[in-house]
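Structural description and commentary
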Amino acid sequence: MKGVEIEFKYLPKELPSNLDSYEHHKIEQAYLGTAPVVRIRQEDDQYILTYKNGAGFAHNEVSLPLDEKSYKHLLEKADGNIITKTRYFIPLEDGHTAELDIFEDKFDGMLLVEVEFESLDDADSFVPPDWFGENVTKDKRYHNSYLSRVK
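Residues numbered from 1 in each chain as written. Predicted model: local features only at pLDDT ≥ 70, side-chain atom pairs only at ≥ 80, totals over all residues. Heavy atoms only, no water.

Re the overall build of the protein chain
- Secondary structure summary: the protein chain contains three helices and nine strands in total.
- Element order for the protein chain, N to C, with α for helix and β for strand: β-β-β-β-β-α-β-β-β-α-β-α.
- Whereas a compact globule of 151 residues would reach a radius of gyration of roughly 15 Å, the protein chain reaches 15 Å, a difference of no more than 12%.
- With respect to the principal axes defined by its C-alpha atoms, the protein chain has extents near 40 × 30 × 30 Å.
- Across the 151 residues of the protein chain, 42% fall into the buried class.
- A separation threshold of at least 6 residues defines the contact pool for the protein chain, and within that pool the share at least 24 residues apart is 59%.
- Counting every atom, the protein chain has about 8,600 Å² of accessible surface; 50% of that belongs to carbon and sulfur.
- Computed over 18 positive and 30 negative side-chain charges, the inter-centroid distance for the protein chain is 9 Å. (Helix = DSSP H or I, 4+ residues; strand = E, 2+ residues; numbered from the N terminus. Rg over C-alpha atoms; globule rule 2.2 N^0.38 Å. Buried < 20%, exposed > 50% of the residue type's maximum accessible area, 1.4 Å probe, protein only. Contact = heavy atoms within 4.5 Å. Areas by Shrake-Rupley, 256 points an atom, 1.4 Å probe, with all protein chains shown as cover. Lys, Arg positive; Asp, Glu negative; His and termini not counted. Charge placed at Lys NZ, Arg CZ, Asp CG, Glu CD.)

Section: unusual backbone geometry
- For the bond running from alanine 35 to proline 36, omega is 0°, close enough to zero to count as cis.
- Among the secondary structure elements, proline 36 is positioned in the loop between β2 (23–34) and β3 (37–43).
- Positive phi is not limited to glycine here, since aspartate 44 has a value of about 55°.
- Following the sequence through the fold, aspartate 44 ends up in the loop between β3 and β4 (46–53).
- Unlike most non-glycine residues, aspartate 105 shows phi in positive territory, near 55°.
- With respect to the helices and strands, aspartate 105 occurs in the loop between β7 (97–103) and β8 (111–117).
- For aspartate 105, a relative accessible area of 57% translates into the label exposed.

A look at the pairing of β2
- Note that β2 and strand β6 (residues 79–91) share eight bridges and pair antiparallel. Paired with histidine 25 across the strands is arginine 87, a residue of β6.
- Two strands pair when backbone bridges link them, and β2 and β3 are joined in this way by seven bridges, in the antiparallel orientation. By the bridge assignment, glutamine 29 is partnered in β3 with arginine 41.
- Linking two consecutive strands that pair antiparallel, namely β2 and β3, is a turn of two residues. (Pairing = 2+ DSSP bridges.)

Written as structure tokens, this is what we have:
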């Protein structure tokens, strides 16, 4: 469970070397609604229901565990695209962790990298590494909830 989530999203210009040496997880997620966001996710062998509201780079988020049977039941009721990706956790020199998503299936080849912050001050002082590229935090086209509705 979380409270407020503060994050920035970037379109990486390049991938870090030795990508497979970093911790990574397979993710499948789908949306039951997008305003507010109600998402289900399978990450490896864990199942999660998440509720998000708010806009911009800071929003409220609550996550609750699901069992596999409940996840599969809800997956049948999901709207739009099921999103599949591999998420890599890459430690940054400043102590933050980059979460690099490499998308599969319908969005094959799409790359996004996110960084989560403890506070607004932490976010304001963040200097992204060169490989991060353009900040697309405010561009809804790069939100997974938007991707779930792309035809």
